[in-house]
Amino acid sequence: MKISVLRFKDTGNETLGLLMINGKHRGYTIEDEEREIKVMHETRIPEGTYKVGLREYGGHHERYSKKFPNLHVGMLQVFDVPGFTDILIHIGNTDGDTSGCLLVGEAIGSDQKSIVSSTKKYTEIYFEIARAIKQGEPVTIEYKKIYD
């Protein structure tokens, strides 16, 4: 499975993107902004292709296990990002909800600086991605900037 994040707008505080799974548009994303020098919890990860797997520990995992008891089998984690650790794909609507992680949503907010219906979109894509991982299918995520 190939997940793609096509970053199309950096406002200086947040980055908006298109979420693609196997070439099909599946939603929108929000991340922190790009920085030349990393600021912890305030910088998006660099462009590149990374492995996605499941993480079965930590605060997000505990909360999601309770919130989605019939769905959750582990957090979607992005691995082997140089200079970064604990990068997750999770629920949230603004850059204030992320610490370098990728948030997913149904649409861009009317303010053009947020995403909406994050829980709905997360649960839609989560099962598909987690199932592929559990079945041993290689899952990667590519982050790519498509703006000047």
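Residues numbered from 1 in each chain as written. Predicted model: local features only at pLDDT ≥ 70, side-chain atom pairs only at ≥ 80, totals over all residues. Heavy atoms only, no water.

Participant: It is not clear to me how the overall build of the protein should be interpreted in this structure. Could you clarify?
Facilitator: Scanning the protein from N- to C-terminus turns up 2 helices and 10 strands. In the protein, the order of α-helices and β-strands from amino to carboxyl end is β-β-β-β-α-β-β-β-β-β-α-β. Radius of gyration (C-alpha) of the protein: 14 Å, near the 15 Å computed for a compact globule of 148 residues. If one aligns the C-alpha atoms of the protein with their principal axes, the spans along those axes are about 40 × 35 × 30 Å. When each of the 148 residues of the protein is scored for burial, the buried share is 47%. Carbon and sulfur atoms form 49% of the exposed surface of the protein, whose accessible area is close to 7400 Å². (Helix = DSSP H or I, 4+ residues; strand = E, 2+ residues; numbered from the N terminus. Rg over C-alpha atoms; globule rule 2.2 N^0.38 Å. Buried < 20%, exposed > 50% of the residue type's maximum accessible area, 1.4 Å probe, protein only. Areas by Shrake-Rupley, 256 points an atom, 1.4 Å probe, with all protein chains shown as cover.)

Participant: Sorry if this is basic, but what is going on with the sheet that holds strand β5 (residues 75–79) here?
Facilitator: Strands pair in a sheet through their backbones, by hydrogen bonds, and they do so in one of two ways: parallel or antiparallel. Strand order around the closed barrel formed by 8 strands is β1-β2-β3-β7-β6-β5-β4-β10, with mixed pairing between neighbours. For this sheet, the mean inter-axis angle between neighbouring strands, taken without regard to orientation, is 30°. The pairing of strand β3 (residues 24–32) with strand β7 (residues 102–105) spans 3 bridges and is classified as antiparallel. Bridge pairing in β7 links Thr29 to Val104. (Pairing = 2+ DSSP bridges. Axes fitted to C-alpha atoms, helices over the stretch in contact; angles between N-to-C directions.)

Participant: What's the story with the pairing of strand β2 (residues 14–21) in this structure? I'm lost.
Facilitator: Both faces of the sheet carry side chains from a regular strand, because those side chains alternate between them. Counting buried positions over the 8 residues of β2 gives 7, a clear majority of the element. Sheet analysis places strand β1 (residues 2–10) next to β2, joined by 7 bridges and oriented antiparallel. Bridge assignment links Val5 to a residue of β2, and that residue is Leu19. Bridge analysis of β2 against β3 gives 8 bridges, and the strand direction is antiparallel.

Participant: Looking at this structure, how should I read the nonpolar core?
Facilitator: For soluble globular proteins, nonpolar side chains are generally found buried alongside one another. The biggest cluster of nonpolar side chains holds 33 residues, and the ones touching the most others in it are Ile3, Val78, Ile129 and Ile141. Elements that contribute at least two residues to this core include exactly β1, β2, β4 (48–55), β5, β6 (87–90), β7, α2 (118–134) and β10 (140–145). Counting residues in each nonpolar core, the second largest holds 5 residues, with Leu16, Ile30, Ile108 and Ile115 among its members. (Core = buried A, V, L, I, M, F, W, Y, C linked by side-chain atoms within 4.5 Å.)

Participant: When you look at the packing of aromatic side chains in this model, what are you seeing that I'm missing?
Facilitator: Describing an aromatic ring pair means giving the distance of the ring centres and the angle of the ring planes. Tallied over the full model, the rule gives 5 aromatic pairs. Clustering of aromatic rings is evident, with ring pairs tying together Tyr64, Phe68, Tyr122 and Tyr126. Stacked on the ring of Phe84, the Lys or Arg Lys38 has its end atom at 4.1 Å from the ring centre. Lying across the ring of Phe79, Lys51 places its NZ or CZ 5.8 Å from the centre. (Phe/Tyr/Trp six-rings, centres within 6.5 Å; stacked < 30°, edge-to-face > 60°. Lys NZ or Arg CZ within 6 Å of the ring centre and 35° of its normal.)

Participant: Could you clarify how one ought to interpret the layout of surface pockets in this entry?
Facilitator: One water molecule sets the probe size; rolling that probe over the atoms shows where empty space is left. Put simply, the largest pocket is a space of about 220 Å³. In terms of lining, the largest pocket is formed by 14 residues, of which the most central are His41, Thr85, Asp86, Ile87 and Ser99. Residue classes in the lining of the largest pocket are distributed as 5 nonpolar, 7 polar and 2 charged. (1 Å grid on protein atoms, 1.4 Å probe; cavity = no way out; pocket = protein on both sides within 12 Å on 5 of 7 lines; lining within 4 Å. Points joined across faces, edges and corners; volume = space filled by probe spheres on them. Nonpolar A, V, L, I, M, F, W, Y, C, P; charged D, E, K, R; others polar.)

Participant: Looking at this model, I keep getting lost on the pattern of salt bridges. Mind explaining?
Facilitator: Oppositely charged side chains can pair when the atoms bearing their charge come close. Counted according to the given criterion, the structure contains 13 salt bridges. Ionic pairing is found between Arg7 and Glu31, a salt bridge with its closest N-O pair at 2.8 Å. Highlighted residues: Arg7 in strand β1 and Glu31 in strand β3, separated in sequence by 24 residues. A relative accessible area of 1% means that Arg7 is categorised as buried. (Salt bridge = Lys/Arg side-chain N within 4 Å of Asp/Glu carboxyl O.)

Just geometry here; none of it tells us what the structure is for.
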